[in-house]
Amino acid sequence: MRPGLHFCLVGDDPIFLDLVSGRYFRLPDHQAKAFCALVASGMVDRIALQAAGLGDLAGVADKPLALEPCRWALPDQACDALNHGGLPLAETARALRQQRSYERALARRGLAPLCDELAVLTVKATPRPIGIDDAAGRLVRGFQFACFLRTAADRCLPRSLALVDLLARRGWRAHAVLGVRQGPFAAHCWVQAGRMVLNDTPEAVACFTPILAL
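Bear in mind the structure is a predicted one, so any value in this text is a computation, not a measurement.

What counts, and where the lines are drawn
- Residues numbered from 1 in each chain as written.
- Predicted model: local features only at pLDDT ≥ 70, side-chain atom pairs only at ≥ 80, totals over all residues.
- Heavy atoms only, no water.
- Buried < 20%, exposed > 50% of the residue type's maximum accessible area, 1.4 Å probe, protein only.
- Helix = DSSP H or I, 4+ residues; strand = E, 2+ residues; numbered from the N terminus.
- Pairing = 2+ DSSP bridges.
- pLDDT = per-residue confidence, 0-100.
- Axes fitted to C-alpha atoms, helices over the stretch in contact; angles between N-to-C directions.
- Contact = heavy atoms within 4.5 Å.

**Details of the pairing of strand β7 (residues 175-181)**
Point 1. The buried fraction of β7 amounts to six of the seven residues, a majority that puts the element mostly inside the structure.
Point 2. As consecutive antiparallel partners, β7 and strand β8 (residues 186-193) are separated by four residues, and within that stretch Gly183 has a phi angle of approximately 70°, a positive value.
Point 3. Both β7 and strand β10 (residues 209-213) contribute to a ladder of four bridges, which runs antiparallel. If you follow Val177 over to β10, its bridge partner there is Ala213.

**Details of the confidence of the model for the protein**
Detailed reading of the predicted model is not advised wherever pLDDT is low.
Point 1. Mean pLDDT over the protein works out to 90, with 97% of the residues at or above the 70 mark.
Point 2. The least confident element of the protein is helix α3 (residues 55-58), whose mean pLDDT is 78; the most confident is β7, at 97.

**A word on the sheet that holds strand β1 (residues 5-10)**
Point 1. A sheet is described by the order of its strands in space; here three strands give the open sequence β1-β2-β3, paired in antiparallel fashion. Edge positions in the sheet fall to β1 and β3 (23-26), since each of these pairs with one other strand and no more. For this sheet, the mean angle separating the axes of adjacent strands, direction not counted, is 25°.
Point 2. Running at roughly 90° to strand β2 (residues 13-18), helix α1 (residues 29-41) makes contact with β1, β2 and β3 of the sheet.

**Description of the environment of Arg26**
Point 1. Structurally, Arg26 can be placed in strand β3.
Point 2. Residue classification places Arg26 among the partly exposed positions, given a relative accessible area of 39%.
Point 3. Spatially, the C-alpha atoms of Arg26 and Gln182 are 11 Å apart, while their sequence positions differ by 156 residues.
Point 4. Apart from residues lying up to four places away in sequence, Arg26 is in contact with Asp13, Pro14, Ile15 and Gln182.

Listed below in structure tokens is the structure:
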């Protein structure tokens, strides 16, 4: 139990994300079962963990701390800007630069401080529609074309953080969503605005359970 710890339930299996260390992990089976029972009974805090015989998970701290599972809703709409309009050269170049910047920042600084900075940017932006050829629509399409110039494989995290960042700087609020799945384990990140996914398809993200929405 510490700041930067997030979790979700994939079936009956709790999966955790530790932003500080930048890793995912799960509990041994006997602890996972007890933890799920605790989640079903209400919010998880240090006192509840200790009472359930999970004191080794509670940790030691000088202030109360509680955990709740991520309850983010998956998107069910694609972004129209991805399928209409031409190649926005300036936005494509900007997308490539910003993604490379986030790749370097993740390697140098880790995920936690970048999440904090992105949250500050995002809260100042406004949830509003994304048109096919407005500034946000061209930026979304620029990231799509950037994938043809530099593969998006294994780069979903910096790519999504970069898109949320640039949208927020133009006044559009969107969220980077991290999701996980089991059998085998995999993690993915996409950008979502309301019910709309901006850099993927609803079908591609449907098999993931959100663990954190920035």
